[in-house]
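Next come the chains, spelled out residue by residue.
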Amino acid sequence: MNEHALFHRPESEYAYAISQNEVTLRLRLDRGDAIDAVYVVYGGKYEFYGKQSRQAMELRFVDRLFAYYETTLRLKDVRLTYVFEIVEHGKAWTFSEDGLGESYDYHLNFYNCFQFPYINESSIISKVSYLQNSVFYEVFVDRFARGDYQKDDSYINMKWGGKPTPKSFAGGDLEGIISKIPYLRKLGVNGIYLTPIFSSVSNHKYDISDYYQIDRQFGTEETLHRLVETAHQAGMKVLLDAVFNHVSENHPFFQDVKKNGERSPYFHYFKRRNGAFECFSVCKYMPKWDTDNHAVQDYLIGIGKHYIQEFDIDGWRLDVSDEVSHPFWKRFRRETKALGKDIALIGENWHNAHPALEGDEFDSIMNYAFTKALLDFLAFDTLDEKGLSERLNGLLARNAEPINQMMLNLLDSHDTNRFYSEIRKDMDRYLVALAILFFYEGVPCLYYGDEALMEGGYDPDSRRGFRPDTKNEAFSLIRFLSRMRKRGDFASARFLMSSSDGLLLLERRGTKADYVLAVHKGPGEVAYEAKEVLWSAHYRENRLGSFGFVVDRRRK
């Protein structure tokens, strides 16, 4: 057994509470070890030496280097102590805080056992109830749809469908989104995430000059009320975009600083380094808030609470969240979650965000690591079925299961090239990508026009005017997958992912049925025997062709 690979850490993604009396445990081993079985031996903190229980652990993930075993314990005594028993070639070993040993003295366990000392309410990783059954749709507001033709449109300088520039305005607005609610419902969407809608001089509105003002290009406070109400009536949730890392130089606070310098009461609201104000990226016109400043926290958290209380929104997407201080996000979570509404907080972190995903900051993040894995598999051809399985399993091993179930998985966004363009408009590859997006653990998020085969390069080209297309295969597949995700037995099923003999297998193991997505990238054909075909591409006579897949239901 490779001792270097053995790893467990209490009160982390390797040991976390999911209820008042349930703890999930995870143990990492070398994927090449010849393991017969893995058990957790556990008991109450004050009686473990004389009374132990034993429960088998399941092989949950396999990535490029490691195998991860998991189990969930239901406890009578929530003061948990435990060690692991690993059986290799018929021989049992014990793994404790002292490491791997051939024997273990339970009478001295208080020195070296693992423990989850107590399940406090704050220890429990809670889930946003609606996320697991959601299909989200990101709307870049200026480019999705125009509904208000009475507004002053003198600012519009781009024909709908034209090639955008950084300073293009096409005229999309909140009325346009309201008009598209029936279309989104037909597609199967039940969650909408809007890019910023607050007062700003730009088309993207990420440089906000007034957080309490709906930008007049988009509508009014009354329009936002109607949008949220219309969405809710259609069974859809609405997330707004919280830009709390930085602000426009036109914001009154920063204007006061520019006028009065250190005499301004807002001088210390903004981060300074080497005598200059810091900013977002290299954008000097977007000064950076000092989110460690308590007065700044009061101001920004007040904005977050205002739109939940006054407009009944269902959560926030948190822009550039990895550059904002952890104490700010912890406080933001406490105060917004205390409003008595099931609020989702989804960070824009492009990398491993585990420090913010321990249950006291974000519910999840925009999962760009998933995006990159799908690009490597389908656009850049640097991963095969085995490589993709290992990569995506590795992502799941980063975080606790409740967090994984809330991850916002996406193929593209306003900040990336269009996925359809990246795969050279290959429909076979695109349908495979959509099938994996909807089957993988987490929440699928479409970027407006994904269902309409919209093309585009990097920003701003990924922000073209929306043109619907409901007659293509992608639209039909999304409708089918959206309906399937909302089935209770699918959404609550246990997710497993593996590869074998040229097959990528994504499984949802439920109580009444198992659902399997079998994918073959190629070349050539591989054998796969489906039990009940719900959808397929390049599948016939129990053979999957290149870039073929089958959605298979296995009733119990």
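The preceding data block contains the structure.
Residues numbered from 1 in each chain as written. Predicted model: local features only at pLDDT ≥ 70, side-chain atom pairs only at ≥ 80, totals over all residues. Heavy atoms only, no water.

A. Summary view of the packing of helix α7 (residues 294-311) against helix α8 (residues 326-337). Close contact between α7 and α8 brings their axes to 10 Å; oriented N to C, the two are set at 35°. Every pair of crossing elements has a handedness; the one defined by α7 and α8 is right-handed. Side by side, α7 and α8 meet where His294, Gln297, Asp298, Leu300, Ile301, Gly304, Lys305 and Ile308 of the first sit next to Pro327, Phe328, Arg331, Phe332, Glu335 and Thr336 of the second. Residue classes in the contact of α7 with α8 are distributed as six nonpolar, four polar and four charged. (Axes fitted to C-alpha atoms, helices over the stretch in contact; angles between N-to-C directions. Helix = DSSP H or I, 4+ residues; strand = E, 2+ residues; numbered from the N terminus. Left-handed = near helix turned anticlockwise from the far one by under 90°. Contact = heavy atoms within 4.5 Å. Nonpolar A, V, L, I, M, F, W, Y, C, P; charged D, E, K, R; others polar.)

B. Fine view of the pattern of salt bridges. Tallied over the entire structure, the rule returns 52 salt bridges. Here Glu390 ties to Arg31 by a salt bridge, and the two come within 2.6 Å at their closest N and O atoms. In this pair, Glu390 sits in helix α10 (residues 385-396) while Arg31 sits in the loop between β2 (22-30) and β3 (35-44), placing the two residues 359 residues apart along the sequence. A relative accessible area of 34% places Arg31 in the partly exposed class. (Salt bridge = Lys/Arg side-chain N within 4 Å of Asp/Glu carboxyl O. Buried < 20%, exposed > 50% of the residue type's maximum accessible area, 1.4 Å probe, protein only.)

C. Main features of empty space enclosed by the protein. Summed over the entire model, instances satisfying the criterion amount to two cavities of 30 Å³ or more. Along the wall of the largest cavity there are 19 residues; nearest its centre are Asn367, Leu395, Arg398, Asn399 and Met407. Those elements that provide at least two residues to the lining of the largest cavity are β22 (364-367), α9 (368-378) and α10. Considering each element in turn, the lining of the largest cavity owes the most residues, three residues, to β22. Across the lining of the largest cavity, the residue classes break down as 10 nonpolar, seven polar and two charged. By volume, the second largest cavity is sized at about 30 Å³. A per-class count over the lining of the second largest cavity returns one nonpolar, three polar and three charged. (1 Å grid on protein atoms, 1.4 Å probe; cavity = no way out; pocket = protein on both sides within 12 Å on 5 of 7 lines; lining within 4 Å. Points joined across faces, edges and corners; volume = space filled by probe spheres on them.)

D. Fine view of the nonpolar core. Tyr137, Trp316 and Ile436 are the most contacted members of the largest nonpolar core, which totals 147 residues. If you tally residues by element for this core, the top one is helix α13 (residues 427-439), at 11 residues. (Core = buried A, V, L, I, M, F, W, Y, C linked by side-chain atoms within 4.5 Å.)

E. Inspection of helix α6 (residues 252-260) at higher detail. Residues of α6 that are buried: Phe253, Phe254 and Val257. Within α6, the buried residues cover an arc of 95° as seen down the axis, which keeps them to one side. Those residues of α6 that are buried are in contact with β17 (276-277), β19 (283-287) and α7. Gly261 occupies a position one or two residues after α6 and carries a positive phi of about 60°. (Arc of directions from axis to C-beta.)

F. Representation of unusual backbone geometry in the model. A cis amide bond links Asp459 to the next residue, Pro460, at an omega of 10°. Secondary-structure assignment places Pro460 in the loop between β24 (443-447) and α14 (473-485). Cis geometry is found at the peptide bond from Gly522 to Pro523, where omega equals 5°. Although it is not a glycine, Glu11 sits at a positive phi angle of roughly 50°. Tracing the backbone shows Glu11 in the segment before β1 (15-19).

G. Focus on α14. With 13 residues, α14 ought to run about 18 Å at 1.5 Å a step, and its terminal C-alpha atoms sit 18 Å apart, in line with that. What α14 keeps buried is the set Ala474, Phe475, Leu477, Ile478, Phe480, Leu481, Ser482, Met484 and Arg485. At the N-terminal boundary of α14, the capping side chain belongs to Asn472, with an oxygen 2.8 Å from the backbone nitrogen of Ala474. (Expected span 1.5 Å × (residues − 1). Polar contact = N/O pair within 3.5 Å; in protein donor to acceptor, adjacent residues only side chain to side chain.)

H. Local environment of the packing of α13 against α14. Two numbers describe how α13 lies on α14: the axes approach to 10 Å, and their chain directions differ by 15°. Between α13 and α14, the crossing angle belongs to the class labelled roughly parallel. Note that α13 runs across α14; the crossing there is right-handed. Seen from α13, the contacting residues are Met427, Tyr430, Leu431, Leu434, Ala435, Phe438 and Phe439; seen from α14, they are Glu473, Ala474, Leu477, Ile478, Leu481, Ser482, Met484 and Arg485. The residue inventory of the contact of α13 with α14, partitioned by class, reads 12 nonpolar, one polar and two charged. (Parallel < 35°, antiparallel > 145°, perpendicular 65-115°, else oblique.)

I. Inspection of the side chain of Asp363 at higher detail. If you trace the backbone, Asp363 turns up in the loop between β21 (344-347) and β22. Within the structure, the side chain of Asp363 is placed 2.9 Å from the side chain of Lys337, a separation counted as a polar contact. Among the polar contacts made by the side chain of Asp363, one reaches the main-chain amide nitrogen of Leu345 at a distance of 2.8 Å. Residues contacting Asp363, with those up to four places away along its chain left out, are Val128, Arg333, Lys337, Ile343, Ala344, Leu345, Leu357, Ile403 and Met406.

J. Geometry of the sheet that holds strand β23 (residues 408-410). Judged by pairing direction, the barrel is parallel, and its eight strands sit side by side in the order β11-β12-β15-β20-β21-β22-β23-β24 before closing back on the first. Averaged over all pairs of adjacent strands, the angle between their axes in this sheet comes to 25°, without regard to strand direction. Looking at chain direction, strand β15 (residues 237-242) and strand β20 (residues 315-318) are connected through four bridges and run parallel. Paired with Leu240 across the two strands is Trp316, which belongs to β20. Each of β20 and β21 is contacted by α8, which is oriented at about 160° to β21, the strand it contacts most. (Pairing = 2+ DSSP bridges.)

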